[in-house]
Amino acid sequence: MSVVRIALSQFRPAKGEYQDNVSRIGAVIGQAAQLDPKPDLVVFPETATSGYFVEGGVKELAVTAGTLARDLAAAYQGRAIDVAVGFYERFQNHIHNSALYVTLGKKKPEVRHVHRKVFLPTYGVFDEERFVDRGQDGVRSFETGWGGKAAILICEDAWHSLAATVAALEGAQLLIVPSASQARGPGEDDDCAGEALPASVVRWERIVRGIAEEHGVFVALANLVGFEGGKGFPGASAVIDPTGRVIARGPLFEEALLTADIDLDSLTTARSDSPLLADLQSALPVLTKSLSGKNQNERVKFDPATNGSPAPHALTRSPTPLHAVEFQERDPLAIDPELTRRWLVSFLKDEVVRRRGFKKGLVGLSGGVDSALTAFLAAEALGKENVIGVRMPYRTSSPESLEHAQLVIDKLGIPSVTVDISDAVDGYLKQVGDVDPHRLGNVMARERMIVLFDLSAKHKALPLGTSNKSERLLGYFTWHGDDAPPVNPLGDLFKTQVWALARHVGVPEAIVGKPATADLIKGQTDEGDLGVSYLHADRILYHLIRGEEPRGFTKEEVEIVRKRLDSTHWKRRLPTVAVLSQTAIGEFYLRPVDY
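This one's a predicted model, so the numbers in the text were calculated from it and none came from an experiment. (Residues numbered from 1 in each chain as written. Predicted model: local features only at pLDDT ≥ 70, side-chain atom pairs only at ≥ 80, totals over all residues. Heavy atoms only, no water.)

1. Things to note about the sheet that holds strand β5 (residues 110–116)
For step 1, the next point in the chain: If you trace the six strands from one edge of the open sheet to the other, you get β5-β4-β3-β2-β1-β16, paired in mixed fashion. Sheet topology places β5 and β16 (256–263) at the edges, where each strand pairs with a single neighbour. Strand-to-strand twist in this sheet, taken as the mean axis angle between neighbours without regard to direction, amounts to 30°.
For step 2, the next point in the chain: Seen against the sheet, helix α3 (residues 65–75) touches β3 (81–91), β4 (94–104) and β5 and runs at an angle of roughly 40° to β4. (Pairing = 2+ DSSP bridges. Helix = DSSP H or I, 4+ residues; strand = E, 2+ residues; numbered from the N terminus. Axes fitted to C-alpha atoms, helices over the stretch in contact; angles between N-to-C directions. Contact = heavy atoms within 4.5 Å.)

2. Side note on the environment of Leu362
For step 1, the next point in the chain: Residue placement: Leu362 occurs in strand β17 (residues 360–364).
For step 2, the next point in the chain: Considering only alpha carbons, one finds Leu362 and Pro39, 323 residues apart in sequence, at a separation of 45 Å.
For step 3, the next point in the chain: Filtering out sequence-adjacent residues up to four positions away, Leu362 remains in contact with Ile388, Val390, Leu452, Leu455, Ser456, Ala461, Leu462, Pro463 and Leu464.

3. A few points about the nonpolar core
For step 1, the next point in the chain: The biggest cluster of nonpolar side chains holds 63 residues, and the ones touching the most others in it are Leu348, Leu365, Leu373, Val408, Val507 and Val561.
For step 2, the next point in the chain: It is helix α9 (residues 369–382) that contributes the most residues to this core, ten residues altogether.
For step 3, the next point in the chain: Ignoring anything within four residues of it in the chain, the contact list for Leu365 reads Ser371, Ala372, Ala375, Gly389, Val390, Arg391, Ala405, Val408, Ile409 and Ile414.
For step 4, the next point in the chain: Grouped together as the second largest cluster of nonpolar side chains are 47 residues, Val43, Leu153, Leu175 and Ala222 included. (Core = buried A, V, L, I, M, F, W, Y, C linked by side-chain atoms within 4.5 Å. Buried < 20%, exposed > 50% of the residue type's maximum accessible area, 1.4 Å probe, protein only.)

4. What to know about the pattern of salt bridges
Working definition: two side chains of opposite charge can pair if their charged atoms are close together.
For step 1, the next point in the chain: Under the defined criterion, the tally for this structure stands at 29 salt bridges.
For step 2, the next point in the chain: Residue Asp71 pairs with Arg70 through a salt bridge whose shortest N-O separation is 2.9 Å.
For step 3, the next point in the chain: The closest approach of N and O atoms between Arg134 and Glu129, which form a salt bridge, is 2.9 Å.
For step 4, the next point in the chain: Three or more residues are tied together by salt bridges with common partners; here these are Arg12, Arg24, Glu255, Asp350 and Arg354. (Salt bridge = Lys/Arg side-chain N within 4 Å of Asp/Glu carboxyl O.)

5. Looking at the packing of helix α8 (residues 337–355) against α9
For step 1, the next point in the chain: Running from N to C, α8 and α9 cross one another at 65°; their axes reach a closest spacing of 9 Å. The hand of the α8/α9 crossing is right-handed. Counting all contacts with α8, which are made through Arg341, Leu344, Val345, Leu348, Lys349, Val352 and Val353, the residues of α9 involved are Leu377, Ala378, Glu380, Ala381 and Leu382.
For step 2, the next point in the chain: Residue classes in the contact of α8 with α9 are distributed as nine nonpolar, no polar and three charged. (Left-handed = near helix turned anticlockwise from the far one by under 90°. Nonpolar A, V, L, I, M, F, W, Y, C, P; charged D, E, K, R; others polar.)

6. With respect to the sheet that holds strand β8 (residues 174–179)
For step 1, the next point in the chain: Read from one edge to the other, the open sheet built from six strands follows the order β6-β7-β8-β11-β14-β15, with strand pairing classed as mixed. Across the chains shown, the open sheet's two edge strands, defined by having one partner strand only, are β6 (141–143) and β15 (246–249). Averaged over all neighbouring strand pairs, the angle between strand axes comes to 20°, with direction disregarded.
For step 2, the next point in the chain: Pairing of β8 with strand β11 (residues 218–223), which is carried by six bridges, proceeds in the parallel orientation. Following the sheet pairing, Leu174 is matched in β11 by Phe218.

What follows is the structure in structure tokens.
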């Protein structure tokens, strides 16, 4: 068979629900099998049967390859078709992150290959090696149901060039890459048909395009979609031809079934035009000689000068002109506002509706830009009729704050509630006495959370957070107060990024352009309290949290920000619990919040 049709499923698994996911996978295979022409292969992402970030839950969700093959056969009753599915596997008393390749539609499912992930990431948000074992069988090619040879690399495996090289040397014509790589980084447009993509997606495409072009193979990258604990899987699955060209790409943050035809005969042309794989096969014995280490300390061998004549004295000539081009440094805090909007709207849809089962959201509207932006994003994600704006003034609150909160309510057309917290706050403080502005502000912030969570129970609506990354890093919030809502779309955006996104989505300029204030004390402003502008604080924070020394700022500004950052770690964590057992919550008993 020369032309092979591939279908890639951008799949959103139900977290921790093996049976439900296998049933849905079967339905997707059935949908693919009805296409004309019918695909020869359907590829699902890494950990499609469970979700990726299940932590200690892998022991409950891991199944044998035989079990998964049996369950897929039961879920799909159609014509013969090859299927590749990522799953957590039980194998010889070990647990692996694996991918099953099976031919379905026969009397008995034919398991053709199981790849067990070799490279397990343990950096950033990843801690895979804590929960699964490394595959010990390396990378192998195998015969498929459509007559060609394929190999599988799971996510991180593909980032290591040697793995793809081994697969190509083993004769693979198609590299299947199931992935559960979360979206990271600001938007980039890197020859992606003018569409801004998360930086991690652009980098992924560079990797797989390089693999395809170097080895003269097709690559099928199938990525998860959806959010798990705030970490978003972007989709953007892709099929790459052996010249490194993207011939199909899936949408961002949406489930989709992507199809593409690959012509195996084109491998001959690609490998003839760029015979890198043939060169590698010839040179491999020479390259691997040095791996033994036997000749590591030998001096280089060369012949002495015997031919020609000594070089003449250098002739007088003008010096070679120097040519230096300085590229303008990209603003590290620049965001693509449209991509960010889509990202956060998808996040709210997943985390509020799909993960937690709420239809409605509550936003405490202070009249400031953060709460206004949250309301705008929530109205798009949930529908304006499902977002309740809550104004919670205290007797000293600025009238402008109430007006600006109402401006958001009116512009979005969302339902609203106004609860005056003056009596509740004053009644408590009257009993305890000795009021100071700091305590008053904290009581107000916590009283507002009491209101939001009570209204949450009344309206069956989830409170949505409004704190930005700058406030969280500087500790400029009330612990268990304004940081309390369980879902926060703005928590990884610096204040200056919030302003940029707010303008993009249409938050009124009267709100975006005014000085930021918590409005807890008359005349108070954020920058007045902090002693440094957000424009500078955000950039200082950016460098400090990356372990870099900020440059271009006064020593006083840097120290203000550094002191706040270093002294407020406790506010960004759950309470410290004495660990007494081997089942301590959050240390040994590990389940993600959305499991």
